[in-house]
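Overview (structure and organization)
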Amino acid sequence: MFPSFEEPLILSVTLNTHCGLHCSFCSDYNIYEEMSDVIFNKVTDFIKTSTNLTTVTISGGEPLLDERLNRLILICNKNKIQVSVDTNCNMTLGEQSNTILNCGQIRLKLLSIVCDKHNRLVGVRGHYQKICQFMGWLNNNFKHSKVLLFPLLNSNLDEIELAAEFAIDHGFYCNFFAYPRGFNKLASLNKNEYSYVIKKIGEVFESYPNKIFLDVPLAGLNNRSLKNICPAIFISTHIDVDGHLRPCKYASMTIGSLKEYSLYELWDMQKIEVKWQNLHCTNCNQYPNCGGGCFANKTDCNIDYYCPVIR
């Protein structure tokens, strides 16, 4: 159904875990962990030797606080691999400006377009203002792709259209996604909210089809124009801060560790695991449109929790 590759085309990497925020739905904000140099070097060795890799996405925590970030970006640039960096703006801009300018894409996360509401949700006074200031700096200095990440929470569902307009007005793409239940049940939506989200982002997508990115795999079930198959099914994987490989950053399931296996071996193991987890879904006539949904939302029966086809 979906093509098979000997190597991932997209590699996601978490360099550290301390994001600098105190989000109301997260209990891990005081945990600080940094990727070891051993794991970091194994990641860079893979990047240097890979023949299929097209994109590396780097996140945290706050990756711009890691002194190795620029070295990682330059290795990718040398090997003609696109680099996307997620940031919470918890860094000193002056010290990191050259690193930022070496990226191919910057992604900022905003929990609400209402100043006080965003600051309350992230638990940091003045954070909204800091994001807006950074957006202005990017528009004046950064000539590559700029993306506003807007996680869909039960507290901001009335802002979907406004968030898209806010991003576009500021020269950004808008990327909507919902936190998977396997990552954080407090931040995840209930089934009614999820259904509302799919309907609403469909309306927004019709207005701004070239400016909206979606990370809601089940959206393609009833609207083919919203088809966005989870890349973990066939082209992407994630290396966590501790060296464990997961299908994506938000998946609780681990495939194995770079401490024991090569990334090539782990990728083969992921393909086997993905095939097994989607075994039931491949018999469904909607599988080409959703790819089995989100792996971080899989139940014990290996079905996406939000799947409207099977209840």
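In case you missed it, the structure is sitting above this.
Below: a short report on this structure. (Residues numbered from 1 in each chain as written. Predicted model: local features only at pLDDT ≥ 70, side-chain atom pairs only at ≥ 80, totals over all residues. Heavy atoms only, no water.)

Counting 73 residues, the largest nonpolar core has L11, I47, L108 and F176 as its most contacted members. Leaving out residues up to four positions away in the same chain, I47 has contacts with L11, L53, V56, L72, I75, C76, N79 and I81. Residues L153, F177, A187 and C294 belong to the second largest nonpolar core, which totals 18 residues. (Core = buried A, V, L, I, M, F, W, Y, C linked by side-chain atoms within 4.5 Å. Buried < 20%, exposed > 50% of the residue type's maximum accessible area, 1.4 Å probe, protein only. Contact = heavy atoms within 4.5 Å.)

Taken in spatial order, the ten strands make up an open sheet running β7-β6-β5-β4-β3-β2-β1-β8-β9-β10, and their pairing is mixed. The strands lining the two open edges of the sheet, one partner per strand, are β7 (212–215) and β10 (256–257). Taken together, the five bridges between strand β5 (residues 145–151) and strand β6 (residues 173–177) define a ladder with parallel strand orientation. Across the sheet, V147 pairs through a bridge with Y173, a residue of β6. Packed on one face of the sheet, helix α7 (residues 191–207) meets β6 and β7 and runs near 155° to β7. (Pairing = 2+ DSSP bridges. Helix = DSSP H or I, 4+ residues; strand = E, 2+ residues; numbered from the N terminus. Axes fitted to C-alpha atoms, helices over the stretch in contact; angles between N-to-C directions.)

Along the chain, N228 falls in the loop between β7 and β8 (236–239). Polar side-chain contacts of N228 include one of 2.7 Å to the backbone oxygen of L226. In this structure, N228 is in contact with L214, D215, V216, P217 and A219, ignoring residues within four places of it in sequence. (Polar contact = N/O pair within 3.5 Å; in protein donor to acceptor, adjacent residues only side chain to side chain.)

This paragraph deals with the pairing of strand β4 (residues 105–109). When you tally the buried positions in β4, you get four out of five residues, the bulk of the element. Two elements, strand β3 (residues 82–87) and β4, share four bridges in a ladder whose sense is parallel. When the sheet's bridge partners are listed, S84 is paired in β4 with Q105. For the crossover that starts at β3, traverses helix α3 (residues 93–101) and ends in the parallel β4, the hand is right-handed. (Right-handed = clockwise from strand over helix to strand, strands pointing away.)

Let us now look at the pairing of strand β2 (residues 55–59). For β2, the buried fraction is high: four of the five residues fall into the buried class. Sheet topology places strand β1 (residues 10–14) next to β2; five bridges connect them, and they run parallel. Counterpart to V13 in the pairing with β2 is I58. Examined bridge by bridge, β2 and β3 share four bridges and lie parallel to one another. Across the sheet, the residue bridging to I58 is V85, located in β3.

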